[in-house]
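# Topology and contacts: notes
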Amino acid sequence: MSGTEILRNDHRQIRRLEKIVIKCYVKLYESKDIPFSDIEIIVLIISEFLDAVHYAREEDQYFPCVATYDSLKQEIRVFMIEHEFGRRIASNISKYLQKWKSGEDQREPVARFLKAYAVYLDEHLTKEDKFFDIAENQVLSQDEEKMMYEEFRAVTAVVTKFDEMIKSIDYLETTPWMKD
Ligand SMILES: [Fe+2]
Ligand SMILES: [Fe+2]
């Protein structure tokens with residue numbers, strides 16, 4: 001396994017989340033009820049998996065390693081800006097969800113920001129997947145790929161967190177609102 005493969009696998013899991021997010025906002029727009037606790041799990045996966053695990057892998061290890069070759073710098077800059085954009089959308093989902101929970105009707109903004117998040121994810125992941133292909137085939141050495149793979153797997157807390165997040169995605173996929 002290589003560093004790039006780990007990130008591709010992260011993306012496969014994030015694509016599962018994307019489908020859940022889409023279903024969630026469609027249902028909300030249809031005035032169907034989704035338990036707050038399930039939307040909170042989505043928010044948790046975004047902060048604990050996307051932010052704390054996946055973006056950290058990209059921002060702290062993968063991108064800096066690619067950038068040492070002086071290549072793809074513009075692409076990396078755009079990805080960093082997009083991560084910030086994604087974080088802002090996520091904090092809005094969380095903010096309006098809290099207000100909704102405390103009694104104000106915030107269905108519309110929660111649905112709207114979930115939709116924005118799904119659009120962001122699709123565009124961002126599609127671009128990064130292409131970037132991974134180039135980095136893997138033209139930039140990174142085998143040793144670097146191996147080293148990053150080992151670094152990604154070395155932090156037990158992160159690996160545990162990853163497994164927990166996959167279980168949460170598994171759970172969301174089995175909820176009644178996801179199935180009908
Ligand atoms: Fe990214
Ligand atoms: Fe990514």
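The structure displayed is predicted, hence computed values, not measured ones. All chains use their own residue numbering, which begins from 1 and follows the written sequence. Throughout, the order in which chains and ligands are written sets their labels, letters from A for the former and numbers from 1 for the latter. The predicted origin of the model limits local features to residues at a pLDDT of at least 70 and limits the giving and counting of side-chain atom pairs to 80 or more, whereas totals for whole chains, interfaces and linings rest on all residues. To get the side-chain values, take all heavy atoms of the structure and skip hydrogens and water.

### Quick look at the environment of Glu 82
- Its place among the elements puts Glu 82 in helix α3 (residues 73-101).
- Per-residue accessibility, obtained with a 1.4 Å probe over protein chains only, is compared with the maximum for each type, and a residue is labelled buried under 20%, exposed over 50%, and partly exposed between these values. Relative accessible area serves as the criterion here: at 15%, Glu 82 is assigned to the buried category.
- Glu 82 sits 71 residues away from His 11 along the chain, and the two C-alpha atoms are 15 Å apart.
- Between two residues, a contact is recorded if the distance between any of their heavy atoms is within 4.5 Å. Apart from the residues within four sequence positions on either side, Glu 82 is in contact with Tyr 120, His 124 and Lys 127. We count a stretch as a helix when DSSP gives it H or I for four or more residues in a row; a strand needs E for two or more, and each element gets its number in order from the N terminus.

### Comments concerning the coordination of the iron ion (ligand 1)
- Here the coordinating atoms are restricted to nitrogen, oxygen and sulfur within 2.8 Å of the metal centre, or 3.2 Å for Na, K and Ca, and because water is not among them the sites may look incomplete. The coordination sphere of the iron ion (ligand 1) contains the protein donors Glu 58 (OE), His 83 (NE2), His 124 (NE2), Glu 128 (OE) and Glu 128 (OE), at a distance range of 2.0 to 2.7 Å.
- Positions of the donor residues of the iron ion (ligand 1), expressed as sequence spacing, correspond to E-x24-H-x40-H-x3-E.
- Between the iron ion (ligand 1) and the iron ion (ligand 2) the interatomic distance amounts to 3.1 Å, and Glu 58 serves as a bridging ligand to the pair. A residue pair is termed long-range when its members are at least 10 positions apart, and Glu 58 in helix α2 (residues 36-67) and His 124 in helix α4 (residues 107-139) qualify at 66 residues.
- Since its relative accessible area comes to 0%, Glu 58 is described here as buried.

### Considering unusual backbone geometry
- The residue Ser 31 is not glycine, and still its phi comes out positive at about 65°.
- For Ser 31, the position within the fold is in the loop between α1 (3-29) and α2.
- Relative accessible area serves as the criterion here: at 52%, Ser 31 is assigned to the exposed category.
- For Asp 70, which is not a glycine, the phi torsion comes out positive at approximately 65°.
- One can find Asp 70 in the loop between α2 and α3.
- Residue class for Asp 70 comes out exposed when judged on its relative accessible area of 58%.

### A closer look at the coordination of the iron ion (ligand 2)
- Taken together, the protein donors to the iron ion (ligand 2) comprise His 11 (NE2), His 54 (NE2), Glu 58 (OE) and Glu 128 (OE), at separations of 1.9 to 2.2 Å.
- In this structure, the iron ion (ligand 2) is coordinated by 4 donor atoms arranged in irregular fashion, with angles at the metal of 83 to 174°.
- Donor residues binding the iron ion (ligand 2) come from one chain and are separated in sequence as H-x42-H-x3-E-x69-E.
- With relative accessibility at 2%, the residue His 11 sits in the buried group. Labels for metal geometry use angle windows, namely 85 to 135 degrees for all angles of a four-donor tetrahedral site, and for square planar (four donors) or octahedral (six donors) sites opposite donors over 155 degrees apart plus all others within 65 to 115; sites meeting none of these are irregular.

### Brief notes about α1
- Expected helix span is given by 1.5 Å per residue-to-residue step, counting one fewer step than there are residues. Spanning 27 residues, α1 covers 39 Å between terminal C-alpha atoms, matching the ideal 39 Å at 1.5 Å per step.
- Of the residues flanking the end of α1, it is Ser 31, one or two places downstream, whose phi is positive at about 65°.

### Some remarks on the packing of aromatic side chains
- Stacked, tilted and edge-to-face are the three classes applied to pairs of Phe, Tyr and Trp rings, where Trp contributes its six-membered ring and a pair requires centres within 6.5 Å; stacked means planes under 30 degrees apart, edge-to-face means over 60, and tilted covers the rest. If you walk through the whole model with that rule in mind, you get 11 aromatic pairs.
- With a centroid separation of 5.7 Å and an interplanar angle of 20°, the aromatic rings of Phe 63 and Phe 79 are classed as stacked. With Phe 63 in helix α2 and Phe 79 in helix α3, this pair connects stretches of sequence that are 16 residues apart.
- A relative accessible area of 2% means that Phe 63 is categorised as buried.
- In this structure Phe 79 comes out as buried when scored by relative accessible area, which is 3%.

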